[in-house]
Amino acid sequence: MNESIGWEEEKKKIIIQRDRTRAQFMCVLQWLELLENNTNLLSYFKEHNCCQVAIYGAAEIGNALLKEFERDNQIQVMYFLDKYAEKQREKWGVPVYLPEEFAALPDVDMVVVTAITSFESIWNNLMQIRPEIPVVSLKTIIEVRKDEVWYEQR
């Protein structure tokens, strides 16, 4: 009986990971479609007067966003926020902090959340710490840009 319970818990974890990976893949796929149309995400940040941002999620999608900002040189990534920051305090030349440290960190114009499947809980957590700083999902930014590109092409 205990083996059955253990397997069921493991199965739930696998399903959650599969769904997370699928959501991330679809998000990146939409981002690639924008790039194929010779556009990017930067106009979203410019329209929202963002010069300095923080990225929540110091994994590969966070790195891809960092690289997009670095190509433009108009938006500076001040730091990453990541729940695993204790394992690595710097990635790609950018400091990494725990979300709990957010209150003491320099102001940014926006926090972009790359951990899209956990956005709601991350948003709630960061809003309790610094409600004056907008927290936006990368998925939302991509969807807004896709809509803008669609209208521009009409």
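Computed from a predicted structure; not experimentally measured.

Student: When you look at the packing of aromatic side chains in this model, what are you seeing that I'm missing?
Tutor: The description of two aromatic rings rests on the distance between their centres and on the angle between their planes. Taken as a whole and judged by the stated rule, the model has four aromatic pairs. Ring centres 5.0 Å apart and planes at 80° place the aromatic pair Phe-45 and Phe-69 in the edge-to-face group. With Phe-45 in helix α2 (residues 42-47) and Phe-69 in helix α3 (residues 60-72), this residue pair connects regions lying 24 residues apart in the sequence. With a relative accessible area of 1%, Phe-69 lands in the buried category. Site record: aromatic cluster; members linked through ring pairs are Tyr-44, Phe-45 and Phe-69. Over the face of the ring belonging to Phe-102 we find Arg-130, whose NZ or CZ atom lies 5.1 Å from the ring centre.

Student: Looking at this model, I keep getting lost on the pattern of salt bridges. Mind explaining?
Tutor: Pairing is possible between side chains of opposite charge, provided their charged atoms come close. Tallying each qualifying case throughout the model produces six salt bridges. Close ionic contact of Arg-130 with Asp-107 constitutes a salt bridge, the shortest N to O distance being 2.2 Å. One end of the pair, Arg-130, is in the loop between α4 (119-129) and β6 (135-137); the other, Asp-107, is in the loop between β4 (94-97) and β5 (110-113), and 23 residues separate them in sequence. Assessed through its relative accessible area of 5%, Arg-130 is described here as buried. A relative accessible area of 55% means that Asp-107 is categorised as exposed. When salt bridges with common partners are traced through the structure, they connect Arg-18, Asp-19 and Arg-22 into a single cluster.

What counts, and where the lines are drawn
- Residues numbered from 1 in each chain as written.
- Predicted model: local features only at pLDDT ≥ 70, side-chain atom pairs only at ≥ 80, totals over all residues.
- Heavy atoms only, no water.
- Phe/Tyr/Trp six-rings, centres within 6.5 Å; stacked < 30°, edge-to-face > 60°.
- Helix = DSSP H or I, 4+ residues; strand = E, 2+ residues; numbered from the N terminus.
- Buried < 20%, exposed > 50% of the residue type's maximum accessible area, 1.4 Å probe, protein only.
- Lys NZ or Arg CZ within 6 Å of the ring centre and 35° of its normal.
- Salt bridge = Lys/Arg side-chain N within 4 Å of Asp/Glu carboxyl O.

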